[in-house]
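Each chain, written out:
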There are 2 protein chains.
Amino acid sequence: MDSMKKRATVRAYSQQDISPELLDELLEIACRSSNTGNMQAYSIVVSRDPERKKALAACHFNQPQVVNAPVVLTFCADFNRFSKWCAQRNAQAGFNNVQALTYASIDAVIVAQTFCVAAEEKGLGICYLGTTTYLAKEIIELLELPPLVFPVTTVSVGYPLEPPKQCERLPQEAVVHSETYRDYTPADIDRLHLAKEQLPENRHFVEINHKENLAQVFAEIRYTKKDNEHFSDTLLRAVKKQGFC
Amino acid sequence: MDSMKKRATVRAYSQQDISPELLDELLEIACRSSNTGNMQAYSIVVSRDPERKKALAACHFNQPQVVNAPVVLTFCADFNRFSKWCAQRNAQAGFNNVQALTYASIDAVIVAQTFCVAAEEKGLGICYLGTTTYLAKEIIELLELPPLVFPVTTVSVGYPLEPPKQCERLPQEAVVHSETYRDYTPADIDRLHLAKEQLPENRHFVEINHKENLAQVFAEIRYTKKDNEHFSDTLLRAVKKQGFC
């Protein structure tokens, strides 16, 4: 419980490798997670080879943790294995659609997060690579994912080079609603974001990005409409290519 | 670590309530999870009211755990709050697209699973309701989710009525791949599914469903092509209605 409370993302790793025994134990724990109908419609691709990690980094805008971490895991929605099993058993499978991709993707993320919590409890540090669905096509090619397999999220993992520093979160009332969704008034929005906006590191972040405020940094530099729309197109094309619609 | 290894889904709960303090603590821990750009593009709707849970159960094909659990949580992708913040700060937000929905959904599942692991460590039992994306439209209406908020997954939680029994998992080699995806030969498929197919409870399951084998029960009764396609249509309509495409 303590490691969950104190956790923070770790992007810089020591040279220490992760033993195959520990990795196996963590993967075993991860696969104990809940999943839809116990179909286990997911697969995990383990990258350890430096050359492969270098190629994989290119699919994640060269974020350095992909190369620096001893282990990188790509968690995939996978209805290939299940559909092959069905075909061999004369069962009429129909998982080549968006709903099946959705529940397989949810299951892949559940497995990923259990892995992360267990890894952190063992003193490892993790970083999610949200870029997985941006360049899915390139990841599919590199990892040789067949139809009905889709990369959903990626985690780099290793021993932290230094103790990670937690960053801020919104107050709980910002994200938790009782019985029904309580929409936000302008005053709510101001109040709930005040502490975040006033943090020295966030003010510095605004300054170095030459913007008026933090929201502009996010919406106009880091996660722009143009990028979101472009990567929506690439995502939908990759989903189609893998046979899910 | 131990609770993660021994865990199993819990669908039957005792009468014991979950204290507000414990629920708050678990939600606080959940929100320490990784999320895209620390945007926290998720919301959690807490259902405790019996009448509301009854109505919510109807959106989950009346699975009894929705009514029986003291607490039911609906984890949503949420770019409403963030976009409102941007609008108030004169920042041009562009999160009304599939890529933004995708990363917000991944974040919602990460938070959900951290909640579940923490809850289980505290002696609670959980059950995921994969039906959330099937009847998303009905859930959106019941929970009054505004545009740019989408229900991704639901968790019922309470004290277990009896110790949960673990069900089987495929051997690790079935789901873990080294460096690249190793596709399955027919012999692999047979070997990897053998233990699962031979379990007495799974053989019984085949028998009571009057099918030839387990794959047929899954593909032709539980998760049919017809249902998957129908619920793909309802999902896409709900995604559009919420303004994500």
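Owing to the predicted nature of the structure, the values given are computational and were not obtained by experimental measurement.

Engineer: Sorry if this is basic, but what is going on with the interface of chain B and chain A here?
Structural biologist: A common measure of how large an interface is: the accessible area buried when the components associate. Every contact between the two is made by 111 residues of chain B and, on the other side, 111 residues of chain A. Here chain B packs against chain A, burying approximately 10,000 Å² in sum over the two surfaces, 55% of which is carbon and sulfur. Between chain B and chain A we count eight salt bridges in total. With a shortest N-O distance of 2.7 Å, Glu197(A) and Arg89(B) are connected by a salt bridge. Summed over the shared surface of chain B and chain A, the number is 90 residue pairs in polar contact (both at pLDDT 80 or more). Class assignment of the residues belonging to the side of chain B that touches chain A gives a composition of 50 nonpolar, 33 polar and 28 charged. Here three bridges tie strand β1 (residues 42–47) of chain A to strand β5 (residues 176–178) of chain B, and the two strands are oriented parallel to one another. Bridge pairing links Val45(A) to His177(B) in β5(B).

Engineer: Before we go on, may I ask you to explain the relation of the copies chain B and chain A in this structure?
Structural biologist: Put simply, the two copies of the chain differ by a rotation about an axis and a shift along that axis. Between the two copies, chain B and chain A, the superposition gives an RMSD of 0.0 Å; the rotation angle is 180° and the shift along the axis is 0.0 Å. Read as a symmetry element, the transformation amounts to a two-fold axis. Of all interface residues in chain B, 100% are interface residues in chain A too; the two copies therefore contact each other through one and the same surface.

Engineer: Sorry, what's going on with the sheet that holds strand β4 (residues 149–158) of chain A here?
Structural biologist: Within a beta sheet, neighbouring strands are joined by backbone hydrogen bonds and run either parallel or antiparallel to one another. One open sheet holds the five strands; their spatial order is β3(A)-β4(A)-β2(A)-β1(A)-β5(B), and the pairing between them is mixed. Looking along the sheet, the strands with just one partner apiece sit at the ends: β3 (125–129) of chain A together with β5 of chain B. Sheet twist, expressed as the average angle between the axes of neighbouring strands with direction ignored, equals 25°. Judged from the five bridges that link them, β3(A) and β4(A) form a sheet pairing that is antiparallel. Within β4(A), the residue paired with Tyr128(A) across the bridge is Val155(A).

Engineer: Would you mind going over the sheet that holds strand β3 (residues 125–129) of chain B with me for this structure?
Structural biologist: Ordered in space as β5(A)-β1(B)-β2(B)-β4(B)-β3(B), the five strands form an open sheet in which the pairing is mixed. Two strands in the sheet have a free side with no partner beyond their single neighbour: β5 (176–178) of chain A together with β3 of chain B. With strand direction ignored, the average angle separating the axes of adjacent strands in the sheet is 25°.

Criteria and thresholds
Residues numbered from 1 in each chain as written. Chains lettered and ligands numbered in written order. Predicted model: local features only at pLDDT ≥ 70, side-chain atom pairs only at ≥ 80, totals over all residues. Heavy atoms only, no water. Contact = heavy atoms within 4.5 Å. Buried area = accessible area lost by both parts, 1.4 Å probe. Salt bridge = Lys/Arg side-chain N within 4 Å of Asp/Glu carboxyl O. Polar contact = N/O pair within 3.5 Å; in protein donor to acceptor, adjacent residues only side chain to side chain. Nonpolar A, V, L, I, M, F, W, Y, C, P; charged D, E, K, R; others polar. Pairing = 2+ DSSP bridges. Helix = DSSP H or I, 4+ residues; strand = E, 2+ residues; numbered from the N terminus. Least-squares fit on C-alpha atoms with pLDDT ≥ 70 in both. Axes fitted to C-alpha atoms, helices over the stretch in contact; angles between N-to-C directions.

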